[in-house]
Amino acid sequence: MADGVLPDHEIRALIASGGIAAEEPIAPGQIQPASLDLRLGATATRMRASFLPGQGRSVADRLAAFEMHRIDLTGGAVLEKGCVYVVPLMERLALPPGMAGAASAKSSIGRLDLLTRIITDQGVEFDRVPEGYEGPLYVEICPRSFSVVVTRGQMLNQIIFRRGKTFISDEDLRALHAKTPIVSGEAVISDGLGFSVDLRPEAGNLVGYRAKPHTGVIDLARIGHYDPAEFWEPIHTDAGWIILDPGAFYILVSREAIAIPPDCAAEMAPYLAMVGEFRVHYAGFFDPGFGWAEAGGGGSRGVLEVRCHEAPFVLEHGQVVGRLVYERMTSRPDQLYGAGIASNYQGQGLKLSKHFRARGA
């Protein structure tokens, strides 16, 4: 069998073979071109702190040691900003030898500054499922900017499955770009494709949004419902730079349009650990077809979820802030992102999560 990231038809085969099981049948809509959406179970446990189980210990062991109280999610419940919760997922895994998994928050969840990380029994890393793992999956949820209402069955996270060697070398990535461009303009390739921040947009001077500190609750079931002005402060500049405030959360956008060819997937990663006093959210997956012109995605930008750390920091137009690490698919998926499936962010520019009304609406 070929090495690479499993596409949709191989994920379906993994479900059929019992490699992925669930307490309720997996719905067709959970299967994306290169990932599977994961559903929340019925109970959230409020924890004293975040944790990793470590070798020889289960998540259930840690829950018993550090839980504060439990919340029924069946009819929806509020998870409060600044608190840590753990929720069992409906799905469980029995991966074959040589196959591993990697998880991330879905795009809309990251844009809400909602920290969600998958945990496994005996796990020593968040969002990583070791080769051949057999057991349950849990998600740690920590709302950071906004309190949220979540309900059993909602999908906050996604998982990809890797077999063998999947990552594309810089040399092969340059060859791919020469054959079919993966970025507008010059390709800055070093341990993946570098991308920079856009602080000089072609239309107007709106460059991003900053989360307001004291807001209402966001119900994750409400799509296109909330007024952005109640939750976000628009950021304007004519200078080509902004100052990031310590502790603040920003939604910005990449200067470059990017493309993920049909036989590739990609993951956002940090550019350099010491590049500055800020962090760009980097646990994001890009499905095959994102930004791909033939899938309706020409001109798609990467939305950047930025948090400033200890000191105010000047962020300038064109500053490289992250990179995309490209991976091979084992084969092309049956469907591409944005082509015949519900894809909220194909062709996107600067855009808040799907829970907010569009500007001017």
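For the structure, see preceding data.
First, a word on what this report is: a plain description of the structure on this page. Small disclaimer: the values here were computed from a predicted structure and weren't measured.

## Overview of unusual backbone geometry
Most peptide bonds adopt trans geometry, and most residues besides glycine take a negative phi value.
In step 1: One non-glycine residue with positive phi stands out, namely D127, at about 65°.
In step 2: What makes D127 buried here is its relative accessible area of 7%.
In step 3: For D191, which is not glycine, the phi torsion reads 55° and is therefore positive.
In step 4: With respect to the helices and strands, D191 occurs in the loop between α4 (170-179) and β14 (193-196).

## With respect to α4
In step 1: Taken as a whole, α4 has its buried residues at L173, L176 and H177. The arc that holds the buried residues of α4, viewed along the axis, is 100°, so those residues lie on one side. Exposed side chains of α4 directed beyond 90 degrees from the buried face belong to E171, A178 and K179.

## A word on the environment of V207
In step 1: Within the secondary structure, V207 sits in strand β15 (residues 206-211).
In step 2: Using a relative accessible area of 1% as the deciding quantity, one classes V207 as buried.
In step 3: Beyond its immediate stretch of four places on either side in the chain, V207 contacts D198, L199, P201, I235, T237, I242, I251, L252 and L350.

## Examining the environment of R357
In step 1: Along the polypeptide, R357 turns up in the segment after β25 (320-328).
In step 2: The partly exposed category is assigned to R357, whose relative accessible area is 33%.
In step 3: For the pair formed by R357 and I223, sequence separation is 134 residues and the distance between their alpha carbons is 8.1 Å.
In step 4: Residues in contact with R357, not counting those within four places in the same chain, are G224, H225, Y226, D227 and P228.
In step 5: Here the side chain of R357 touches H225 through a polar contact of 2.7 Å, landing on its backbone oxygen.

## Examining the side chain of E256
In step 1: In this fold, E256 is placed in strand β19 (residues 249-257).
In step 2: The buried category is assigned to E256, whose relative accessible area is 9%.
In step 3: A distance of 2.7 Å separates a polar atom in the side chain of E256 from a polar atom in the side chain of S196.
In step 4: Non-local contacts of E256, meaning those with residues more than four positions away in its chain, are made with V183, S184, F195, S196, S300, R301 and G302.

## Observations concerning the nonpolar core
In step 1: L36, L93, F161, I218, L220 and W232 are the most contacted members of the largest nonpolar core, which has 51 residues in total.
In step 2: If one sorts the elements of this core by residue count, strand β7 (residues 84-94) sits on top with four residues.
In step 3: In contact with L36, not counting residues within four places along its chain, are I11, I20, I26, Q30, I31, N157, Q158, I159 and F161.
In step 4: By size, the runner-up hydrophobic cluster in this structure holds 35 residues, among which are V197, A266, M268 and V280.

## A few points about the sheet that holds strand β12 (residues 148-150)
Sheets are built from strands paired through backbone hydrogen bonds, the pairs being either parallel or antiparallel.
In step 1: Taken in spatial order, the three strands of this open sheet run β6-β12-β16, and their pairing is mixed. Strand pairing shows two members of the sheet lacking a second neighbour, β6 (77-79) and β16 (218-219), which therefore form its edges.
In step 2: Bridge analysis of β6 against β12 gives three bridges, and the strand direction is antiparallel. Paired with A77 across the two strands is V150, which belongs to β12.

## With respect to the packing of aromatic side chains
In step 1: Enumeration according to the criterion identifies nine aromatic pairs in this entry.
In step 2: Aromatic side chains F146 and F231 sit 5.6 Å apart centroid to centroid with 85° between the ring planes, which places their arrangement in the edge-to-face category. Separated by 85 residues along the polypeptide, F146 in the loop between β11 (134-143) and β12 and F231 in the loop between β16 and β17 (232-236) bring together distant segments of the chain. Here the two residues F146 and F231 agree in accessibility, since each one is buried.

## Notes on the sheet that holds strand β21 (residues 278-280)
In step 1: Read across the sheet, five strands follow the order β17-β15-β19-β23-β21 without closing on themselves; strand pairing throughout is antiparallel. Edge positions in the sheet fall to β17 and β21, since each has one partner strand and no second. Shown here is a sheet whose adjacent strand axes are inclined to one another by a mean of 30°, direction ignored.
In step 2: Sheet analysis places β15 next to β17, joined by five bridges and oriented antiparallel.

## Brief notes about the environment of V84
In step 1: Among the secondary structure elements, V84 is positioned in strand β7.
In step 2: In this structure the C-alpha to C-alpha distance between V84 and F146, which are 62 residues apart in sequence, comes to 13 Å.
In step 3: Other than its neighbours up to four places away in sequence, V84 contacts T45, R46, M47, A49, S50, E140, I141 and C142.

## So, a nonpolar patch on the surface
In step 1: Together, W241, I243 and V314 give the surface a local cluster of nonpolar side chains, amounting to about 260 Å² of exposed area.
In step 2: Secondary-structure assignment places V314 in strand β24 (residues 313-316).
In step 3: Accessibility expressed as a relative area gives 39% for V314, which makes it partly exposed.

Each value, and the rule that gives it
- Residues numbered from 1 in each chain as written.
- Predicted model: local features only at pLDDT ≥ 70, side-chain atom pairs only at ≥ 80, totals over all residues.
- Heavy atoms only, no water.
- Buried < 20%, exposed > 50% of the residue type's maximum accessible area, 1.4 Å probe, protein only.
- Helix = DSSP H or I, 4+ residues; strand = E, 2+ residues; numbered from the N terminus.
- Arc of directions from axis to C-beta.
- Contact = heavy atoms within 4.5 Å.
- Polar contact = N/O pair within 3.5 Å; in protein donor to acceptor, adjacent residues only side chain to side chain.
- Core = buried A, V, L, I, M, F, W, Y, C linked by side-chain atoms within 4.5 Å.
- Pairing = 2+ DSSP bridges.
- Phe/Tyr/Trp six-rings, centres within 6.5 Å; stacked < 30°, edge-to-face > 60°.
- Axes fitted to C-alpha atoms, helices over the stretch in contact; angles between N-to-C directions.
- Patch = residues over 30% accessible without salt bridge, like charges linked within 9 Å, V, L, I, M, F, W, Y side chains within 5 Å.
- Areas by Shrake-Rupley, 256 points an atom, 1.4 Å probe, with all protein chains shown as cover.
- Salt bridge = Lys/Arg side-chain N within 4 Å of Asp/Glu carboxyl O.

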